[in-house]
Every structure is written in C-alpha cells, then in structure tokens.
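Tertiary structure, described
Below, each chain spelled out in residue letters.
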Amino acid sequence: MKLLAIDTALDACSAAILEGVSGDEWRVLARVVSPGGKGNAERLLPVLEQTRAAAGIALNQLDAIAATIGPGSFTGIRTALATARALGLALNRPVHGVITTQALAFAAAQPGRNVAAVIDARRGEVYMQVFAAADAGLGSALTEPQILPVDAAVAALPAGATVLVGSGAALLQQAAGRADLLLSPADPNPDPVIVARLALAQPRPQHALAPLYIRPPDAALPAVTQPRASLSVTVQPCGAEAADILALLHEEAFAGDARGEIWNAQSFRELLAMPGALCLLAVSGDQPVGLLLLRIAADEAEVITLGVKPRLRRLGVAAALMQAGLAQLAGRGVARCFLEVADGNAAARALYAGLGFAAVGHRRGYYAAGGDAVVMQLLLSVPSNSKK
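Residues numbered from 1 in each chain as written. Predicted model: local features only at pLDDT ≥ 70, side-chain atom pairs only at ≥ 80, totals over all residues. Heavy atoms only, no water.

**Considerations on the environment of Arg 122**
Position of Arg 122 among the secondary structure elements: in strand S6 (residues 114-122). Looking at Arg 122, the relative accessible area reads 46%, which means it is partly exposed. Put simply, Arg 122 and Phe 74 are 48 residues apart on the chain and 13 Å apart in space, counted from C-alpha to C-alpha. (Helix = DSSP H or I, 4+ residues; strand = E, 2+ residues; numbered from the N terminus. Buried < 20%, exposed > 50% of the residue type's maximum accessible area, 1.4 Å probe, protein only.)

**A few points about the pattern of salt bridges**
Going through the model one piece at a time under the given rule, you end up with 12 salt bridges. Notably, a salt bridge pairs Arg 27 with Glu 19, separated by 2.7 Å at the nearest N-O pair. On the basis of relative accessibility, which here comes to 47%, the residue Arg 27 falls in the partly exposed class. Judged by its relative accessible area of 14%, Glu 19 is buried. Here the salt bridges share partners, and the residues they tie into one network are Lys 2, Glu 19 and Arg 27. (Salt bridge = Lys/Arg side-chain N within 4 Å of Asp/Glu carboxyl O.)

**Considering the sheet that holds strand S14 (residues 300-308)**
With respect to topology, 7 strands assemble into an open sheet ordered S11-S12-S13-S14-S15-S17-S16, the strand pairing being mixed. Since the sheet does not close on itself, it has two edges, and those belong to strand S11 (234-238) and strand S16 (358-363), each with one partner. Within this sheet the neighbouring strands show an average axis-to-axis angle of 25 degrees, counted without direction. Two elements, strand S12 (residues 277-284) and strand S13 (residues 287-297), share 8 bridges in a ladder whose sense is antiparallel. Of the residues in S13, the one forming a bridge with Cys 279 is Leu 293. Contacts between helix H10 (residues 346-354) and the sheet are confined to S14, strand S15 (336-342) and strand S17 (373-379), with S15 contributing the most and set at about 165 degrees to the helix. (Pairing = 2+ DSSP bridges. Axes fitted to C-alpha atoms, helices over the stretch in contact; angles between N-to-C directions. Contact = heavy atoms within 4.5 Å.)

**Description of the pairing of S17**
Where burial is concerned, most of S17 is hidden: 6 out of the 7 residues are buried. Where S15 and S17 come together, 7 bridges link them in antiparallel fashion. Bridge pairing links Leu 339 to Met 376 in S17. Taken together, the 5 bridges between S16 and S17 define a ladder with antiparallel strand orientation.

**Describing unusual backbone geometry**
That bond from Gly 70 to Pro 71 is cis: its omega, 5 degrees, falls within 30 degrees of zero. Inspection of the secondary structure assignment puts Pro 71 in the loop between strand S4 (64-68) and helix H2 (74-91). The phi dihedral of Arg 123 falls on the positive side, at around 55 degrees, and the residue is not glycine. Mapped onto the fold, Arg 123 is located in the loop between S6 and strand S7 (125-131). With phi around 65 degrees, Arg 314 is a residue other than glycine that occupies positive phi space. Relative to the helices and strands, Arg 314 resides in the loop between S14 and helix H9 (317-331).

**Remarks on the packing of helix H3 (residues 100-108) against helix H6 (residues 192-200)**
It is at 9 Å that the axes of H3 and H6 come closest, and there the two elements cross at 105 degrees. Classified by the angle their axes make, H3 and H6 are roughly perpendicular. Contacts between H3 and H6 involve Gln 102, Ala 103, Phe 106 and Ala 107 on the former and, on the latter, Ile 194, Val 195, Arg 197 and Leu 198. Its residues placed into classes, the contact of H3 with H6 shows 6 nonpolar, 1 polar and 1 charged. (Parallel < 35°, antiparallel > 145°, perpendicular 65-115°, else oblique. Nonpolar A, V, L, I, M, F, W, Y, C, P; charged D, E, K, R; others polar.)

Set out below in structure tokens:
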C-alpha cells in the first residue's frame, strides 16, 4: 500500500510517500519539506510533484491520501485538506485525516514521560493536547485538542515528567516554571513521514475528511481608519467542511438584523448539500471576513446570502465576493442571476447596481419583521430563446 501524506497546517509545506510492506513495516519512498508558512497554496503542488518524482511512481499508483486536519492555520488547514480531497476524488482513493497535535506528540514521545503538544495560537493562547506516558511509543490521549489561555494550559498539564513539543512549548515551559517540563528537540512542524505512519495505522475512513478548526482564526486585521480604504482578500470556494466557520460569520454579519434568521452550522451543511449550491469565502490573511452563497438551477441562479463582518464593510469585500461569484456563474453557463435586497438598504442596492443588476420587482413584507424587498436581476448572457 502506497500512501501520500500532506501537511501545511503550521509553518512548513511538506509531503511524503510511504509504502506499507507487511504488518507494521513500512518504508519511505520520498520526503520533501519546504520551510516557512507563507505561500503554502502556491508551493504545495510543486512540493507534491517533487515528492512523486522522488518516489518514482505515478499518482494513480497511490492507494490512499492523508492530510493534517488541524489545529493550526485556517488557510493552511484548508490548503492541505482541499488538495487531499481533490486527489482522493480524482483518483477514487480514501482520504485520511491526522490531527496535528498527535503527529507532533508522536515525534516527541519518550519512554515513561507524558507528552504535551503545544502550538502557539497567539494572543496569549495555545492549542494543546496531552498524552499519557507509555513504555514505548505514544501513550493514549488524556485530552482532546483544545485552545486555552497560557495560564489555563499550565494548570491543565499533568503531574510528573512531561515532554513539551511544538511552537508553544517554550512559552508554556517559561510560564509554568516547572523543572520536570522538558523541551523536545523534535521539529515544531508535523513530519510528513509520521503523518503517513499514523494514517497507515487507521482503518479505511467511512466519512468525508473534515477540518479540526477548534475556533475561528483570529489573525489581526488592519484597522479601518478611512471610509474608502480597501481590504486585500482572497476569494475561495468552500464546502460543508467549512460549515462551522460559515455559521460564525453569518451570525456576526447578521446579528441584530430583524430581516432574517441566523443560520447554524447544520443549516449550512443542509444548504450546501442542495443541488446547485455554490459557496465562496473571502479571507484576509488567515481571517475569514465574508461569505457568499449562491444556488444554480438550469441557466438561472440566485443569491441566497451575502455577509461581511460588520467592521469590515465598505472595504470592497462584498464586491470581491460578488465579482468572483458572477465569474463562476458565467463559467457555468448561467444566463440570469436574481437576488432580493431590503428596500431601505441603499448601500447594498448601490453595490448590486454597480455590478449591473437592475430592479425587476418588489416583494411586500418579504422579511420576517415585515420589511419590503426589491428583486434585482443581472443578465450574464443573452438567453438563447430571446428575440434580437
């Protein structure tokens, strides 16, 4: 069995291909690590090609794929996850998920010592998972991966000799001031060989791979000082794996808005499972800042919801989402796109008008609080049955 493992969750872009020989025996066919956490989305495909070439195999000779699923960088987790899922779909191969903290702890395990995998989550917090001491290898997990303030993480450490590993290990050791806390020399990034070994030990996955975000990322966003400033964002498609993030964004974008209900994660999973659903996420740095949900039926589409974090409105996020969404629709042969917008929402109506939408109807009492809606339409192409 040949398995490709991918990791971009923290501060490296790496891949490895292992071959299971028999039982617990395995051999490394290739391992490539590109240090630095920036530009992983651009670096990953070249790293995968280097790994494949070094292993001397074709992609269709792989039997399985694996990826780290978090905790870690929001963008990094999605990069590895989306690539692994795409390869699994294209090759019709199972896709395994490996928890980042487990991979770190596995590399740091020492006989007779507990292990705490600690990742610096910034702003005085860490991601942490603790494993019990074992005579050999990694002991059983004493906790699930969690995010904690540093002082709470110190309090959650087990008694007795404990090995600390990860980017937050030194921070936690200093805060704890305990002589029995030892820093591991292991790399603070998951070793792709270990990711592959852990995946090889797993049974065949029965469900689609899902990320372990633990919390929405909180990278610092630029302060808004000028009303006409713009925010640099990347717009990327997403699926049900991002349901938790979408729900949090939706709640923040529409909190206190009487026009409609707040959708939870299950609502998004159900919406994204509908035929023709298309969801786009706007990300600034590692921070999700806006979402757009569309639904396509034949040659028509409708905007289901468009939301942006309140303090980042009027910075071009909604326009970037809509432009990317309309480009997707045009590429799929959609002729018309419809939406409803609150009659009194002048800013949104101006945005849509600037994109080419025109008012074509009016719906009284459309919103839960009784507000009226304007129906707007954009012709993306001339319908084939229209008269010239």
